[in-house]
Amino acid sequence: MQVTRKQLSDAVEAQIISAGQADALYAFLSARSQDAPRFSFTHVLYYLGGMIAIGAMTLFMNLGWENFGGAGIVLISILYAAMGLTITHQLAARSLNIPAGICAVFVVCLTPLAIYGLQQWLGVWPDDSVYRDYHRYIRWHWLYMELGTLAVGTLVAWRYKYPFLIMPIAATLWYMTMDISAMISGGDFDWELRSLVSMYSGLLMIALAFWVDIRARHKADYAFWIYIFGVIAFWGGLSMQDSDSELSKFLYFSINLLMIGIGVILVRRVFVVFGALGACGYLGYLASDIFKDSWLFPVALTAIGLGVIYLGILWQKHEKSLTHRARQWLPESLRELLEARSL
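Residues numbered from 1 in each chain as written. Predicted model: local features only at pLDDT ≥ 70, side-chain atom pairs only at ≥ 80, totals over all residues. Heavy atoms only, no water.

Asks: I tried to follow helix α6 (residues 111-122) on my own but got confused; where do I start?
Replies: Two residues of an α-helix separated by three or four positions point the same way, owing to the 3.6 residues in each turn. Taking 1.5 Å as the rise per residue, α6 with twelve residues should run 16 Å; its terminal C-alpha atoms sit 17 Å apart, in good agreement. Buried residues along α6 sit against α3 (41-57), α4 (69-93), α5 (97-109) and α7 (143-160). Where α6 ends, the next residue or the one after it, G123, has phi of about 75 degrees, a positive value. (Helix = DSSP H or I, 4+ residues; strand = E, 2+ residues; numbered from the N terminus. Expected span 1.5 Å × (residues − 1). Contact = heavy atoms within 4.5 Å.)

Asks: What's the story with the pattern of salt bridges in this structure? I'm lost.
Replies: When the charged atoms of two side chains with opposite charge come close together, those side chains can pair. Applying the stated rule across the entire model yields three salt bridges. One salt bridge connects D133 with R136, and the closest N-O pair in it is separated by 3.7 Å. By relative accessible area, R136 is classed as partly exposed at 49%. One network of salt bridges, with partners in common, ties together D213, D221 and R268. (Salt bridge = Lys/Arg side-chain N within 4 Å of Asp/Glu carboxyl O. Buried < 20%, exposed > 50% of the residue type's maximum accessible area, 1.4 Å probe, protein only.)

Asks: So what exactly am I meant to see when it comes to unusual backbone geometry here?
Replies: Negative phi values dominate among residues other than glycine, just as trans dominates among peptide bonds. One non-glycine residue, Q15, adopts positive backbone phi at about 60 degrees. Along the chain, Q15 turns up in the loop between α1 (5-13) and α2 (19-32). With a phi close to 55 degrees, V267 is a non-glycine residue in the positive phi region.

Asks: Can you help me understand a positive patch on the surface in this one?
Replies: Taken together, the side chains of R159, K161, R215 and K219 make up a positively charged region of the molecular surface. Along the chain, the position of K161 falls in the loop between α7 and α8 (166-184). Judged by relative accessible area, which is 47%, K161 ranks as partly exposed. (Patch = residues over 30% accessible without salt bridge, like charges linked within 9 Å, V, L, I, M, F, W, Y side chains within 5 Å. Areas by Shrake-Rupley, 256 points an atom, 1.4 Å probe, with all protein chains shown as cover. Lys, Arg positive; Asp, Glu negative; His and termini not counted. Charge placed at Lys NZ, Arg CZ, Asp CG, Glu CD.)

Asks: Would you mind going over the packing of aromatic side chains with me for this structure?
Replies: For any pair of aromatic rings, the description consists of the separation of the ring centres together with the inter-plane angle of the planes. Per the counting criterion, the structure on display carries 21 aromatic pairs. Judged by centre distance (5.5 Å) and plane angle (90 degrees), the ring pair of Y47 and F164 falls under edge-to-face. With Y47 in helix α3 and F164 in the loop between α7 and α8, this pair connects stretches of sequence that are 117 residues apart. Judged by its relative accessible area of 22%, Y47 is partly exposed. Plain terms: the ring middles of F224 and W225 are 5.2 Å apart, the flat faces sit at 85 degrees to each other, and that makes the pair edge-to-face. (Phe/Tyr/Trp six-rings, centres within 6.5 Å; stacked < 30°, edge-to-face > 60°.)

Asks: Is there a simple way to explain the environment of D179 in this structure?
Replies: Structurally, the position occupied by D179 is in helix α8. Here D179 falls in the buried class, since its relative accessible area comes to 3%. Distance from D179 to F234, taken between C-alpha atoms, is 15 Å for residues 55 residues apart in sequence. Beyond its immediate stretch of four places on either side in the chain, D179 contacts I138, R139, W140, W142, L143 and E146. Here the side chain of D179 touches R139 through a polar contact of 3.2 Å, landing on its backbone nitrogen. (Polar contact = N/O pair within 3.5 Å; in protein donor to acceptor, adjacent residues only side chain to side chain.)

Asks: What am I meant to see in the packing of α6 against α7 here?
Replies: Two measures define how a pair of helices packs: the angle their axes make with one another and the distance between the axes. Remark: α6 packs on α7, axes separated minimally by 8 Å, with the N-to-C direction vectors making an angle of 135 degrees. In terms of their interaxial angle, α6 and α7 are classed as oblique. In the crossing of α6 with α7, the sense of the turn from one axis to the other is right-handed. Between α6 and α7, the contacting residues are T111, P112, I115, Y116 and Q119 on the first element and Y144, M145, G148, T149 and V152 on the second. When its residues are assigned to classes, the contact of α6 with α7 shows six nonpolar, four polar and no charged. (Axes fitted to C-alpha atoms, helices over the stretch in contact; angles between N-to-C directions. Parallel < 35°, antiparallel > 145°, perpendicular 65-115°, else oblique. Left-handed = near helix turned anticlockwise from the far one by under 90°. Nonpolar A, V, L, I, M, F, W, Y, C, P; charged D, E, K, R; others polar.)

Rendered as structure tokens:
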């Protein structure tokens with residue numbers, strides 16, 4: 001729920017609160033939301049600068065760095081990391097948590113580059129691939145870089161406890177789902193295996209995100225990025241499954257509807273977005289294949305759509321009582337989580 005200064009002024013005019021209470025409440029809410037990411041010019045500058053610096057050491061790394069050799073890459077990575085940690089510590093001391101978190105993420109993102117350089121230096125790099133391929137291709141030998149990134153990311157996140165630090169950890173877990181499948185298949189491009197690994201790994205990441213959500217329900221939102229990459233991995237693997245029967249296709253549709261419901265309950269938009277994409281994909285399949293020339297199909301879909309709208313009206317009317325009754329059956333930790341995430 002976004003509370004603006006105008007809304008508080010309207011509450012004063014409606015004689016709900018006094019002008020002094022409105023000023024005090026606005027000051028309190030502003031102080032509490034200072035470290036929450038929002039679409040302001042200051043935060044845009046923070047993230048734009050951070051993404052440029054992180055991208056320079058990851059996505060946009062060019063072959064020029066190969067001229068430094070393995071030892072040179074390790075040394076430069078260490079120097080960059082030391083600089084990043086120093087800036088992070090200084091910003092944290094000044095309570096500038098968002099730029100401090102971005103600089104800490106920059107340090108974590110240097111880890112695969114340092115490990116790549118170390119392997120090159122020791123002469124154990126297995127083929128002629130280069131670092132810039134890390135973010136472009138699926139290879140089993142990226143696993144060493146990914147495990148190292150997870151270790152460093154966990155250590156830095158434990159030290160600074162910024163939610164944005166979970167982003168490189170979650171992204172690395174996503175990378176690992178693909179590279180593990182390459183390792184299992186011996187490097188063969190087996191879509192069926194990779195989709196299965198992606199789907200089940202995504203489920204594990206979603207379970208991890210939910211556990212983190214429960215544990216951190218009274219703190220910051222540490223589960224956000226794990227949910228995102230977990231849903232991407234699960235939904236991508238699910239959507240790539242071969243479905244040779246109408247029952248399996250309908251099951252896919254049902255799972256996507258379930259994702260929408262989970263997203264609404266947990267207040268996680270990523271479930272709703274991908275669930276809606278999958279549901280629309282199934283409806284598109286019905287329209288183009290099963291009911292291609294049927295005049296009744298659009299009529300039926302219209303009726304279903306209006307029925308869903310009517311269910312929304314009923315839910316809005318009885319939401320408070322239904323929600324209260326349903327939550328009485330839930331464990332206290334889950335009830336607290338839903339209350340913290342609800343509007």
